[in-house]
Amino acid sequence: MKLRILYFARLREALGVSAEEPELPAQVATVDALIGWLRARGGVWAVELAEGRAFRVAVNQEMAAPDTPLAAGDEVALFPPVTGG
Amino acid sequence: MKLRILYFARLREALGVSAEEPELPAQVATVDALIGWLRARGGVWAVELAEGRAFRVAVNQEMAAPDTPLAAGDEVALFPPVTGG
Amino acid sequence: MKIRVQTEPFDLGAEIAALYARNPKVGAVASFLGITRDENEGYAIRGMRLEHYPGMTERALTRIAAEAMQRWPLLDLTVVHRVGELKPTEPIVLVAVAAAHRGEAFAACEFIMDYLKTRAPFWKKELTEAGGRWVEARASDDAAAARWDASEWGER
Amino acid sequence: MKIRVQTEPFDLGAEIAALYARNPKVGAVASFLGITRDENEGYAIRGMRLEHYPGMTERALTRIAAEAMQRWPLLDLTVVHRVGELKPTEPIVLVAVAAAHRGEAFAACEFIMDYLKTRAPFWKKELTEAGGRWVEARASDDAAAARWDASEWGER
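About the cut-offs
Residues numbered from 1 in each chain as written. Chains lettered and ligands numbered in written order. Predicted model: local features only at pLDDT ≥ 70, side-chain atom pairs only at ≥ 80, totals over all residues. Heavy atoms only, no water. Pairing = 2+ DSSP bridges. Helix = DSSP H or I, 4+ residues; strand = E, 2+ residues; numbered from the N terminus. Contact = heavy atoms within 4.5 Å. Salt bridge = Lys/Arg side-chain N within 4 Å of Asp/Glu carboxyl O. Polar contact = N/O pair within 3.5 Å; in protein donor to acceptor, adjacent residues only side chain to side chain. Nonpolar A, V, L, I, M, F, W, Y, C, P; charged D, E, K, R; others polar. Least-squares fit on C-alpha atoms with pLDDT ≥ 70 in both.

Q: Is there a simple way to explain the sheet that holds strand β3 (residues 56–59) of chain A in this structure?
A: The strands making up a sheet associate through backbone hydrogen bonding, with each pair oriented either parallel or antiparallel. A sheet is described by the order of its strands in space; here five strands give the open sequence β2-β1-β5-β3-β4 (chain A), paired in mixed fashion. Because the sheet does not close on itself, it has two edges, and the strands there are β2 (19–20) and β4 (62–63) of chain A.

Q: Explain the interface of chain C and chain B here, please?
A: Often, the extent of an interface is quoted as the loss of accessible area upon association of its parts. On the chain B side, the residues contacting the 28 residues of chain C number 20 residues. The interface formed by chain C and chain B holds four salt bridges in total. For the pair chain C and chain B, the number of links is 14 residue pairs in polar contact (both at pLDDT 80 or more). Every element with two or more residues in the side of chain C that touches chain B is listed here: β4 (43–52), α2 (56–71), β7 (91–99), α3 (102–119) and β8 (122–128) of chain C. The element that contributes the greatest number of residues to the side of chain C that touches chain B is α3 of chain C, accounting for five residues. For the side of chain C that touches chain B, the per-class residue count stands at 15 nonpolar, four polar and nine charged.

Q: When you look at the relation of the copies chain D and chain C in this model, what are you seeing that I'm missing?
A: Relating one copy of the chain to the other takes a rotation about an axis and a shift parallel to that axis. At an RMSD of 0.0 Å, chain D and chain C line up after a rotation of 180° and a shift of 0.0 Å along the axis. Given the turn and translation reported, the copies of this chain are related as if by a two-fold rotation axis. Within chain D, the C-alpha atom positioned nearest to the axis of rotation is that of Gly 13 of chain D, 2.1 Å from it. Interface residue correspondence from chain D to chain C reaches 100%, placing this contact among same-surface, isologous pairings.

Q: Sorry, what's going on with the arrangement of the chains here?
A: The interface with the most contacts, out of three pairs of chains in contact, is the one formed by chains C and D. Chain B makes no contact with chain A, the minimum C-alpha separation between the two being 29 Å.

Q: Got a minute to help me understand the pattern of salt bridges in this structure?
A: Side-chain pairs of opposite charge can arise whenever the charged atoms involved come near each other. All names here are of chain D. One pass over the structure, following the stated rule, counts 46 salt bridges over all chains. Note that Glu 67 is salt-bridged to Arg 71, the shortest N-O span being 3.2 Å. Residue Glu 67 and its partner Arg 71 are both found in helix α2 (residues 56–71); the two are separated by four residues, about one turn of the helix.

Okay, here's the thing in structure tokens:
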């Protein structure tokens, strides 16, 4: 399954990537599973996406929860809590 | 004792006067006494300044209470509840 | 702090810019613009005449503004109120409050409007089809002003 | 209803005039202007860069504005948010809400700001003496947004 993943702000800088389109195993079917898969890359991924770190996930430009399902072609975004206004 | 009395808005129109400088007996020493003295003129004065009618009194440009004292030369104003803004 | 009562129109953009353009401590300007409508309580309005009590008006507005400055950490504020003849869509009043953060700017702006509505000597006479009609004071304005007596604003 | 995300400055006076000049039902415009300060949490700020998530930002702002229109009897509203490079004293965001009366205009304007601060995907990076510094989200903004969950606004 292929997803488009976007990274913003401090997370984009820390991970050193703004967008990627990885090929994912079929069992990565929720936001939670995706985070686990990214975390398993180790290094800065394990640090920035560790449990307890404050980050948000959107799926197809809507705020998502850990159990939000993922489908091929989805646009997933990871970013810090927002600070506009 | 001489006071300057100003009337505003609906009260000015109803009483037909915008300002006057009446000579008052010495016992008219409070706002309450002044209202009684004006009311005693009868006619529209008795109607517009009757108990229970909504009007406000200012003395020297500060909102006043029934027991606010009056002194010669004071500027007293009678007007309806305000409606600006 | 700027308090003005005037017959002339005012420039909202310029009034607000004056509050922040030269003060880099200002992070928030909350403002309120009151505008003449073409309808009130079911009456069609062609225009209105705003009467005031010269001298006392400025005193009352200054006192209200000073109380706002005392209650909240504000950086600056402007109150402009028009008097005389006004047509529908013409602005009547501007209250603009500058502060570092939005909470106090919003609270002070609302506070000033609520107090102005109940304590500043202005009176509106609306021109309807049937002639002039003095606007009656509204109980809801008294209630809005009374909520500031208890200092519950901080809870929001 | 107008929602814009842009790098260019905006004209506050013109944005607000567009809300009432052609609609004589509007009696109140409450507005909020957020401005870049030269200081934040003790850091001297030379400027900031505002990043956003194109597409999602507009969606989020539209959703917030639509919710405000549903909660209160509003006549119109405008949200303009800048992105890119900003210097101290430059406006960042304008929220302006038009209604017949002031209560709903104030409430909706504050509601939109509180939700925008916590739900619209913008991120600020401040340029300090020591380099770039991503602004941290504030717990007080979450608290401000949470107060709208219980519908206690009508009590004020």
